[in-house]
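Notes for the structure review
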Amino acid sequence: MKALRLPAFGAPAQVPELVEVEPATPGPNQVAVAIEAAPINPSDLMLIAGDYGVRPQLPAALGAEGVGRIVAVGDGVDASRIGERVMIVPTLEQGTWTDQTVVDERNVVPVNPNADPLQLAMIGVNPVTAYVLLHDFAALEPGAWVAQTGASSAVGRYVIVLAKHAGVRTLNVVRRESAVQELLDAGAAAVVVSNEDFSEQVAGALGGAPLSLVLDGVGGEPVTTLAGQLKVGGAIVSYAALGGKPIVVPPLTLIFRGLSVHGWWLKHWLDSTPPAKINETYRELAALVADGTLAAPVDATYPLEEYRAAITRAQASGRHGKVLFSLA
Ligand SMILES: NC(=O)c1ccc[n+]([C@@H]2O[C@H](COP(=O)([O-])OP(=O)(O)OC[C@H]3O[C@@H](n4cnc5c(N)ncnc54)[C@H](OP(=O)(O)O)[C@@H]3O)[C@@H](O)[C@H]2O)c1
């Protein structure tokens, strides 16, 4: 079987290598999963470059999340699970850019056998991020406003749908005009473009209503403006650095409104959340993906052999959705 692996940190489209390996046998409480689809996420590119929050021991298996079918089980796992379709929880304990991987049973969650494998493959990272960002930092009443930067990302689109589902309104910041209508169609209450009259657009969209929460994937000036619209006790949560600029909140805004600023990382959440809660959260999200409520646009799929083209495409700006390896 084939597997992509990382022999050294470096340029994401250059350093990974495709190797031929013998399929591993699952040990006690493990399952072997034949991968059907596995996305290329920004976090994978950061990990390859050596810029991520963890640097794995090399050579390292690649790919954090994916979906596939159980093809073998180890001692302690019910053999009737063979054939079951599962998503892989992205604990970084196993690779998914491979024909087959061995995973601890606690890191797989059953998913609908009839749903779109590409959408199922993407549950592990972005939908759960959107869900936790919306639920863990503010008690959001129906009608409350949440603002987010980088709203055209997959995370941003999941936030829009999950918020709407909960009766919460989203104010979405994008960098290009062409994303506005798409996000309104997806359920955004308002979409504003981060340009010269950004403050006026924000004030106009909110019409005097306060924000309860700001979710930031970009950093820079838009966050400063949005912080000025937060209610007393409101929170800013930073989860990505797409724009590479720091978050600046004027001290008097921070002080007199009693604002809080948080950093959030999925790995910390997976490491600190009880396994039953992780499992339950993924099952809930998997049901919403299976019935089509939650979806992310797909730009392109590639076989493992075309990994250089796949990674190059995943790095391109102006793509129309996610890039995945499709193995089935
Ligand atoms: N903290 C965590 O645990 C966690 C979990 C999940 C994701 N993330 C992070 O969240 C971010 C989004 O992930 P994703 O998979 O949803 O992304 P994605 O769908 O691959 O899309 C990336 C998005 O970033 C936008 N973007 C890129 N550079 C930008 C800039 N300078 N200013 C504004 N927007 C910019 C692009 O906007 P256009 O549409 O205009 O091209 C695109 O919508 C990534 O950085 C990822 O690493 C973090």
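Right, let's walk through the structure included here.

What counts and what doesn't
- Residues numbered from 1 in each chain as written.
- Predicted model: local features only at pLDDT ≥ 70, side-chain atom pairs only at ≥ 80, totals over all residues.
- Heavy atoms only, no water.
- Phe/Tyr/Trp six-rings, centres within 6.5 Å; stacked < 30°, edge-to-face > 60°.
- Helix = DSSP H or I, 4+ residues; strand = E, 2+ residues; numbered from the N terminus.
- Buried < 20%, exposed > 50% of the residue type's maximum accessible area, 1.4 Å probe, protein only.
- Near = heavy atom within 4 Å.
- Polar contact = N/O pair within 3.5 Å; in protein donor to acceptor, adjacent residues only side chain to side chain.
- Areas by Shrake-Rupley, 256 points an atom, 1.4 Å probe, with all protein chains shown as cover.
- Nonpolar A, V, L, I, M, F, W, Y, C, P; charged D, E, K, R; others polar.

What follows is about the packing of aromatic side chains. Two aromatic rings are characterised by how far apart their centres lie and by the angle between their planes. One pass over the full model with this rule turns up 2 aromatic pairs. Taking 5.4 Å as the distance between ring centres and 85 degrees as the angle between the ring planes, the aromatic pair formed by Tyr 52 and Trp 265 counts as edge-to-face. Here the residue Tyr 52 occupies a position in the loop between helix H1 (42-49) and strand S4 (60-61), and Trp 265 occupies one in the loop between strand S14 (260-263) and helix H9 (266-272), the gap between them amounting to 213 residues. The class of Trp 265 is partly exposed, set by a relative accessible area of 22%. Here the aromatic rings of Trp 97 and Phe 325 are separated by 5.2 Å at their centres, their planes lie at 65 degrees, and the arrangement is edge-to-face. Separated by 228 residues along the polypeptide, Trp 97 in the loop between strand S6 (85-88) and strand S7 (100-104) and Phe 325 in strand S16 (residues 322-326) bring together distant segments of the chain. There is no split in this pair, since Trp 97 and Phe 325 are both buried.

Our focus in this paragraph is the site of the ligand. In the vicinity of the ligand there are 21 residues, among which Ser 152, Val 155, Arg 176, Leu 266 and Lys 322 approach most closely. A distance of 2.9 Å is found between an oxygen atom of the ligand and a side-chain nitrogen or oxygen belonging to Asn 126. Considered on its own, the ligand offers 930 Å² of accessible surface; in the complex 85% of this is hidden by protein. For the shell around the ligand, the secondary-structure elements that each account for two or more residues are H1, helix H3 (126-135) and helix H4 (154-165). Split into classes, the residues belonging to the shell around the ligand amount to 11 nonpolar, 6 polar and 4 charged.

Function-wise, these values are silent; they only describe arrangement.
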